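Analysis of the macromolecular model
For reference, the chains in residue letters:
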Amino acid sequence: MSRICQITGKKAMVGNNVSHSNLRTKRKFHVNLFTKKFYWVEQDCWINLNVSAHGLRTINKIGLDAAIKQAAEKGYLNLK
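All figures in this text were calculated on a predicted structure; none of them were measured in a lab. Here, residues in each chain are numbered from 1, in the same order as that chain's written sequence. The predicted nature of this model means local features are confined to residues of pLDDT at least 70 and side-chain atom pairs, given and counted, to a pLDDT of 80 or more, with totals for whole chains, interfaces and linings taken over all residues. In computing side-chain values, all of the structure's heavy atoms are included and hydrogens and water are not.

**Structural notes on a nonpolar patch on the surface**
Patch members must show over 30% relative accessible area and no salt bridge, and they are joined within 9 Å when carrying like charges or within 5 Å when they are nonpolar side chains of Val, Leu, Ile, Met, Phe, Trp or Tyr. Each accessible area is a Shrake-Rupley result for a 1.4 Å probe, and residues are judged covered by the shown protein chains and nothing else. A side-chain nitrogen of Lys or Arg and a carboxyl oxygen of Asp or Glu constitute a salt bridge if their distance falls within 4 Å. Where nonpolar side chains cluster on the molecular surface, the patch consists of Tyr 39, Val 41 and Trp 46 and spans about 350 Å² of accessible area. Accessible area is worked out with a 1.4 Å probe on protein chains only. A residue is then buried under 20% of its type maximum, exposed over 50%, and partly exposed in between. Judged by relative accessible area, Tyr 39 falls into the partly exposed class, the value being 36%.

Structure (structure tokens):
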């Protein structure tokens, strides 16, 4: 399972750990992901989504159906 939000498309960023002596080593900034179960009223079913904290706020703001349609248009979510 990849660490990508299915609503917003957020994924890990690459950066550096910087030590006190200014040595730099590569690291990843991971997304704050949750596996959440949502009840989709329009399809009358439960769905599991990998959603970031920002994705949860988006779902709360515009609703699950609108968020899923928006994510499918952008290619973040595959609907069967």
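**Here we look at the pairing of strand E1 (residues 13-18)**
Any two strands with at least two DSSP-identified bridges between them are counted as paired. Going along the chain from the N terminus, every DSSP run of H or I of four or more residues is numbered as a helix, and every run of E of two or more is numbered as a strand. Pairing geometry for E1 and strand E2 (residues 24-29), over six bridges, is antiparallel. Among the inter-strand pairings, Gly 15 is bridged to a residue of E2, identified as Arg 27. A loop of five residues connects E1 with E2, the two strands running antiparallel in sequence, and Asn 22 in this loop sits at a positive phi of about 70°.

**Considerations on the packing of aromatic side chains**
Two aromatic rings, drawn from Phe, Tyr or Trp (for Trp, its six-membered ring), form a pair once their centres lie within 6.5 Å of each other, and the interplanar angle then sorts them: stacked below 30 degrees, edge-to-face above 60, tilted otherwise. Using the criterion set out here, one finds one aromatic pair in the structure. Over a ring means this: the NZ of a Lys or the CZ of an Arg is within 6 Å of the ring centre and within 35 degrees of the ring normal. For the cation-ring pair, Arg 27 lies above Phe 29, with the distance from its terminal atom to the ring centre recorded as 4.0 Å.

**Here's the deal with the state of the cysteines**
Note on terminology: pairs of cysteine sulfur atoms within 2.5 Å are recorded as disulfides. Tallied over the full model, the rule gives zero disulfides. Cys 5 carries a free sulfur, and the closest cysteine sulfur to it, the one in Cys 45, is 18 Å from it.

**Some remarks on the environment of Leu 64**
Topologically, Leu 64 is positioned in helix H2 (residues 64-74). Measuring from C-alpha to C-alpha, the distance between Leu 64 and Thr 35 comes to 15 Å, with 29 residues separating the pair along the chain. Excluding its chain neighbours within four sequence positions, the residues that come into contact with Leu 64 are Phe 38, Tyr 39, Trp 40, Ile 47, Leu 49 and Ile 59. Two residues form a contact once any of their heavy atoms are found within 4.5 Å.

**Regarding the nonpolar core**
Ranked by internal contacts, the top residues of the largest apolar core, which has 13 residues, are Ile 7, Phe 38, Ile 47, Leu 49, Val 51, Ile 59 and Leu 64. Of all elements in the fold, only strand E3 (33-40), strand E4 (45-52) and H2 reach the threshold of two or more residues within this core. Broken down by element, this core gets its largest block of residues, four residues, from H2. For Ile 7, the residues in contact, after removing those within four places along its chain, are Leu 49, Val 51, Gly 55, Thr 58, Ile 59, Ala 67, Ala 71 and Tyr 76. Residues belong to a common nonpolar core when they are buried Ala, Val, Leu, Ile, Met, Phe, Trp, Tyr or Cys residues joined through side-chain atoms within 4.5 Å.

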